[in-house]
Amino acid sequence: MSESAEARRPSSRVLPHELPASLRDAGLANWIREPLDDAVDRRRRIIMPPAAAVLGTPASACQSALLAEARHPDTVFMMGDNPALPKLPPRPALKDFFLLRFRARARSHLLQSARVARENGLDEKVIMACLLHDIAIAGLLSANHGYWGAQMVAPYVDQEVSWAIEKHEALRYFADDSVGYTYPDAYIEYFGPDYDPPDYIRREYQAARQHRWYMTSRLITVNDIYSFDPDAVVDFDEFEDVVGRNFRQPEEGLGFDGSPVAHMWRTMIWPNNFL
Ligand SMILES: [Fe+2]
Ligand SMILES: [Fe+2]
């Protein structure tokens, strides 16, 4: 083997460190990336799980153990590209996040919702809102996803679209006979038959009902299908025209346009950054 080939040799022979029992028992091996085949500098990288992901779980107590693990001489915290994730182009567009970041099930849900909205002959704003309504769940955070999602897209879509995305979170809990919308069976499964939405959700619902854009948000819920086919393949390109007319893609790329929400997109590009 030549010297240069030797230098390029995959690093699969690097053995994982033997973790202290305290880390193994807490399942923290998940957060420690050993330098295997794709190692560049043969360092281990520690991913510190964000507070929102671990508060209320045993993993929350392991912050100190992970900090201690990162003090090994050949170990650093994850910053920048995680080799376990596909690399995004330098000026990422909405499509790149759909294809390279969003979780498969959520991506399929969004694409199928948008397709149903289009098949129902709805306005492009509604189709766009359906396409985007759960992107926070797909790539960032689930709790308060309507609010996160609305903020993420607000600089790039019509105000009516981001408003509708925000309010769908509350409207999902309340039936509307005028459009045949009933309380979702999925919510009975998720939360139990006795789940009672909190007061702030009720207030949001009451206020949204009086708003001139109520029906735009309501139509998200109508097309927010849970009985979707997990195997259906919907191509993002089906919506290229709708996205082109209804999503102002920043020239610098999402995450780099200096907008008030750029950090949210950067968090999806590098979700494991320590800071
Ligand atoms: Fe949702
Ligand atoms: Fe949804």
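Anyway, here's the lowdown on the structure attached to this text.

Rules used in this analysis
- Residues numbered from 1 in each chain as written.
- Chains lettered and ligands numbered in written order.
- Predicted model: local features only at pLDDT ≥ 70, side-chain atom pairs only at ≥ 80, totals over all residues.
- Heavy atoms only, no water.
- Donors = N, O, S within 2.8 Å, 3.2 Å for Na, K, Ca; no water.
- Helix = DSSP H or I, 4+ residues; strand = E, 2+ residues; numbered from the N terminus.
- Buried < 20%, exposed > 50% of the residue type's maximum accessible area, 1.4 Å probe, protein only.
- Salt bridge = Lys/Arg side-chain N within 4 Å of Asp/Glu carboxyl O.
- Expected span 1.5 Å × (residues − 1).
- Tetrahedral: all angles 85-135°; square planar, octahedral: opposite > 155°, others 65-115°.
- Pairing = 2+ DSSP bridges.
- Axes fitted to C-alpha atoms, helices over the stretch in contact; angles between N-to-C directions.
- Parallel < 35°, antiparallel > 145°, perpendicular 65-115°, else oblique.
- Contact = heavy atoms within 4.5 Å.
- Nonpolar A, V, L, I, M, F, W, Y, C, P; charged D, E, K, R; others polar.
- Left-handed = near helix turned anticlockwise from the far one by under 90°.

**Examining the coordination of the iron ion (ligand 1)**
Protein-derived ligands of the iron ion (ligand 1) are Asp134 (OD), His145 (NE2) and His168 (NE2), with the metal-ligand distances lying across 2.2 Å. Written as a sequence motif, the donor residues of the iron ion (ligand 1) are D-x10-H-x22-H. Distance-wise, the iron ion (ligand 2) is placed 3.7 Å from the iron ion (ligand 1), both being coordinated by Asp134. Here the residue Asp134 occupies a position in the loop between α7 (124-132) and α8 (135-139), and His145 occupies one in helix α9 (residues 145-153), the gap between them amounting to eleven residues. Judged by relative accessible area, which is 5%, Asp134 ranks as buried.

**Concerning unusual backbone geometry**
Positive phi, close to 60°, is recorded for Asn144, a residue that is not glycine. With respect to the helices and strands, the residue Asn144 is situated in the loop between α8 and α9.

**Brief notes about α7**
Among the nine residues of α7, seven are classified as buried, and the element is accordingly described as predominantly covered. Every buried residue of α7 is listed here: Val126, Ile127, Met128, Ala129, Cys130, Leu131 and Leu132.

**Brief notes about the pattern of salt bridges**
Scanning the model with the defined rule gives 15 salt bridges in all. Across the salt bridge formed by Arg245 and Glu124, the nearest N and O atoms sit 2.5 Å from each other. In this pair, Arg245 is assigned in helix α14 (residues 240-246) and Glu124 in helix α7, connecting sequence segments 121 residues apart. Judged by its relative accessible area of 54%, Arg245 falls in the exposed class. Its relative accessible area of 24% is what places Glu124 among the partly exposed residues. Put simply, Asp241 and Arg245 hold a salt bridge, and the shortest N to O gap is 3.6 Å. With a gap of four residues between them, Asp241 and Arg245 both fall in helix α14, about one helical turn apart. Each member of the salt-bridge network shares a partner with another, and the members are Arg118, Glu124, Asp241 and Arg245.

**Topic: helix α6 (residues 104-119)**
With 16 residues, α6 should reach 22 Å at 1.5 Å per residue; the first-to-last C-alpha distance of 22 Å fits that figure. Of all the residues in α6, the buried ones are Ala106, Ser108, His109, Leu110, Leu111, Gln112, Ser113, Ala114 and Ala117. Once α6 ends, the next one or two residues include Gly121, with phi positive near 70°.

**Examining the coordination of the iron ion (ligand 2)**
Six octahedral donors around a metal ideally make angles of 90 or 180 degrees; four tetrahedral donors ideally make 109.5 degrees. The protein atoms that coordinate the iron ion (ligand 2) are His109 (NE2), His133 (NE2), Asp134 (OD) and Asp224 (OD), at distances spanning 2.0 to 2.2 Å. Taken together, the four donor atoms coordinating the iron ion (ligand 2) and their angles of 81 to 174° define a geometry best described as irregular. Here the donor residues of the iron ion (ligand 2) share one chain and are spaced in sequence as H-x23-H-D-x89-D.

**Some remarks on the sheet that holds strand β1 (residues 32-33)**
In a beta sheet, neighbouring strands are held together by backbone hydrogen bonds and run either parallel or antiparallel to one another. The strand order across the open sheet built from three strands is β1-β2-β3, with neighbouring strands paired in mixed fashion. Two strands in the sheet have a free side with no partner beyond their single neighbour: β1 and β3 (75-77). With three bridges joining them, strand β2 (residues 44-46) and β3 adopt parallel strand pairing. Each residue of the ladder has a partner; that of Arg44, found in β3, is Thr75.

**Examining the packing of α9 against helix α15 (residues 262-269)**
In the contact formed by α9 and α15, the axes pass within 8 Å of each other and the chain directions differ by 110°. Between α9 and α15, the interaxial angle falls into the category roughly perpendicular. Contact residues: α9 offers Trp148, Gln151, Met152 and Val153, while α15 offers Met264, Trp265 and Met268. Considered class by class, the residues forming the contact of α9 with α15 number six nonpolar, one polar and no charged.

**Overview of the packing of helix α10 (residues 159-171) against helix α12 (residues 199-209)**
Following both chains from N to C, one finds α10 and α12 inclined at 125°, their axes separated by 8 Å at the closest point. By the angle between their directions, the pair α10 and α12 is classed as oblique. Remark: the crossing between α10 and α12 carries left-handed chirality. Two secondary-structure elements touch here, α10 through Trp163, Glu166, Lys167, Glu169, Ala170 and Leu171 and α12 through Ile201, Glu204, Tyr205 and Ala208. Its residues assigned to classes, the contact of α10 with α12 comprises six nonpolar, no polar and four charged.

**Side note on the environment of Leu219**
Among the secondary structure elements, Leu219 is positioned in helix α13 (residues 214-222). Overall, the relative accessible area of 17% leaves Leu219 in the buried class. Between the C-alpha atoms of Leu219 and Leu122, which are 97 residues apart in sequence, the distance is 8.7 Å. Not counting residues up to four positions away in its chain, the partners in contact with Leu219 are Leu122, Val126 and Cys130.

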